[in-house]
Amino acid sequence: MSRTELSGRCLCGAVQYRITGQPDDAFYCHCESCRRSSGAPFVAWGRVPQTRFELTQGALSKFASSPDVTRSRCTGCGTEILYQHKDCLPDLDFPLATLNNPEDVAPAYHVRTVEKLPWVQLGDGLPKYEAWRPKKDA
Ligand SMILES: [Zn+2]
Ligand SMILES: [Zn+2]
């Protein structure tokens, strides 16, 4: 069943968000930056236009993890909630694992696998891209 609305929260619950409709995209990123930012070997991201993402509670602190990228996290517990790349605006990415029903949205492919840790074995049969996935309309 596909929900018309998704919601999510940080670890402490101070930050809550709502997404209208389903994400346009969902994927795993293996880049070092996502790894260090999350403390996990890779991160599953969902992508939605800014206009469909609403912060319904709490405050985010922003951090520029590179000149083009802003990462935002809960000011209380530090859970990463948003990733915004200058070139991807007005789209933003959010960690699928912060959804209240993360089982509803499954990643469809892997990106930045050139940076994948050698002890991460991918056996899910999903497409792998060494860098980024080529744009759908390209
Ligand atoms: Zn929190
Ligand atoms: Zn990444």
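One structure accompanies this document, and this report is about it. What you see is a predicted model, and the numbers here were worked out from it, not measured in a lab. (Residues numbered from 1 in each chain as written. Chains lettered and ligands numbered in written order. Predicted model: local features only at pLDDT ≥ 70, side-chain atom pairs only at ≥ 80, totals over all residues. Heavy atoms only, no water.)

**Digging into the sheet that holds strand β2 (residues 16-20)**
In a beta sheet, neighbouring strands are held together by backbone hydrogen bonds and run either parallel or antiparallel to one another.
Moving on, step 1. The three strands are arranged β1-β2-β5 in an open sheet whose pairing can be described as antiparallel. On the outer flanks of this sheet lie β1 (5-9) and β5 (53-57), each paired with one strand and no other. Neighbour-to-neighbour, the strand axes of this sheet turn through a mean angle of 25 degrees, independent of strand direction.
Moving on, step 2. In the sheet, β2 pairs with β5 via four bridges, with the strands oriented antiparallel. Paired with Tyr17 across the strands is Leu55, a residue of β5. (Pairing = 2+ DSSP bridges. Helix = DSSP H or I, 4+ residues; strand = E, 2+ residues; numbered from the N terminus. Axes fitted to C-alpha atoms, helices over the stretch in contact; angles between N-to-C directions.)

**Overview of the coordination of the zinc ion (ligand 1)**
Moving on, step 1. Protein coordination of the zinc ion (ligand 1) is provided by Cys10 (SG), Cys12 (SG), Cys74 (SG) and Cys77 (SG), with donor distances spanning 2.3 to 2.4 Å.
Moving on, step 2. Of note is the zinc ion (ligand 1), whose four donor atoms meet at the metal with angles of 106 to 113 degrees in an arrangement that counts as tetrahedral.
Moving on, step 3. Taken in sequence order, the residues that donate to the zinc ion (ligand 1) follow the motif C-x1-C-x61-C-x2-C. (Donors = N, O, S within 2.8 Å, 3.2 Å for Na, K, Ca; no water. Tetrahedral: all angles 85-135°; square planar, octahedral: opposite > 155°, others 65-115°.)

**Structural notes on the pairing of strand β8 (residues 80-85)**
Moving on, step 1. Of all six residues in β8, six are buried; the element is thus mostly enclosed.
Moving on, step 2. Sheet topology note: the strand β7 (residues 69-74)/β8 ladder contains five bridges and is antiparallel. Opposite Arg71, over in β8, you have Tyr83 as the bridge partner.
Moving on, step 3. Between the antiparallel neighbours β7 and β8 lie five residues, among them Gly78 with a positive phi of about 85 degrees. (Buried < 20%, exposed > 50% of the residue type's maximum accessible area, 1.4 Å probe, protein only.)

**Some words on the coordination of the zinc ion (ligand 2)**
Coordination angles at a metal have ideal targets, namely 109.5 degrees for four tetrahedral donors and 90 or 180 degrees for six octahedral donors.
Moving on, step 1. Here the zinc ion (ligand 2) is held by Cys29 (SG), Cys31 (SG) and Cys34 (SG), and the distances to it run 2.2 to 2.3 Å.
Moving on, step 2. Positions of the donor residues of the zinc ion (ligand 2), expressed as sequence spacing, correspond to C-x1-C-x2-C. No difference in accessibility class separates Cys31 from Cys34, as the two residues are buried.

**Here's the deal with the pattern of salt bridges**
Moving on, step 1. Applying the stated rule across the entire model yields nine salt bridges.
Moving on, step 2. For Arg112, the salt bridge identified is with Glu115, shortest N-O distance 2.8 Å. (Salt bridge = Lys/Arg side-chain N within 4 Å of Asp/Glu carboxyl O.)

**Points about the side chain of His110**
Moving on, step 1. Positionally, His110 belongs in strand β10 (residues 110-111).
Moving on, step 2. Note on His110: relative accessible area 1%, which makes it buried.
Moving on, step 3. Leaving out residues up to four positions away in the same chain, His110 has contacts with Tyr28, His30, Leu122, Asp124, Leu126, Pro127, Lys128 and Tyr129. (Contact = heavy atoms within 4.5 Å.)

**Points about unusual backbone geometry**
Moving on, step 1. Here Leu89 and Pro90 are connected by a cis peptide whose omega angle stands at 10 degrees.
Moving on, step 2. Structurally, Pro90 is set in the loop between β8 and β9 (91-95).

**Considerations on the layout of surface pockets**
Moving on, step 1. In this structure, the largest pocket occupies an estimated 510 Å³ of space.
Moving on, step 2. As for the largest pocket, its lining consists of 21 residues, of which Asp25, Arg47, Cys88, Arg133 and Lys135 are closest to the centre.
Moving on, step 3. Those elements that provide at least two residues to the lining of the largest pocket are β3 (25-29), β4 (43-49), β8 and β9.
Moving on, step 4. Examining the composition of the lining of the largest pocket, we find that three residues originate from one element, β3, more than from any other.
Moving on, step 5. Class assignment of the residues belonging to the lining of the largest pocket gives a composition of 10 nonpolar, one polar and 10 charged.
Moving on, step 6. Size it by volume and the second largest pocket reaches roughly 210 Å³.
Moving on, step 7. Considering the residues around the second largest pocket, the lining is formed by 13 residues, among which Ser38, Val43, Pro95, Ala97 and Thr98 are closest to the centre.
Moving on, step 8. Breaking the lining of the second largest pocket down by element, the ones donating at least two residues are α1 (32-38) and β4.
Moving on, step 9. Element by element, the count of residues in the lining of the second largest pocket is highest for β4, at three residues. (1 Å grid on protein atoms, 1.4 Å probe; cavity = no way out; pocket = protein on both sides within 12 Å on 5 of 7 lines; lining within 4 Å. Points joined across faces, edges and corners; volume = space filled by probe spheres on them. Nonpolar A, V, L, I, M, F, W, Y, C, P; charged D, E, K, R; others polar.)

Limitation: the analysis is restricted to geometry and does not speak to function.
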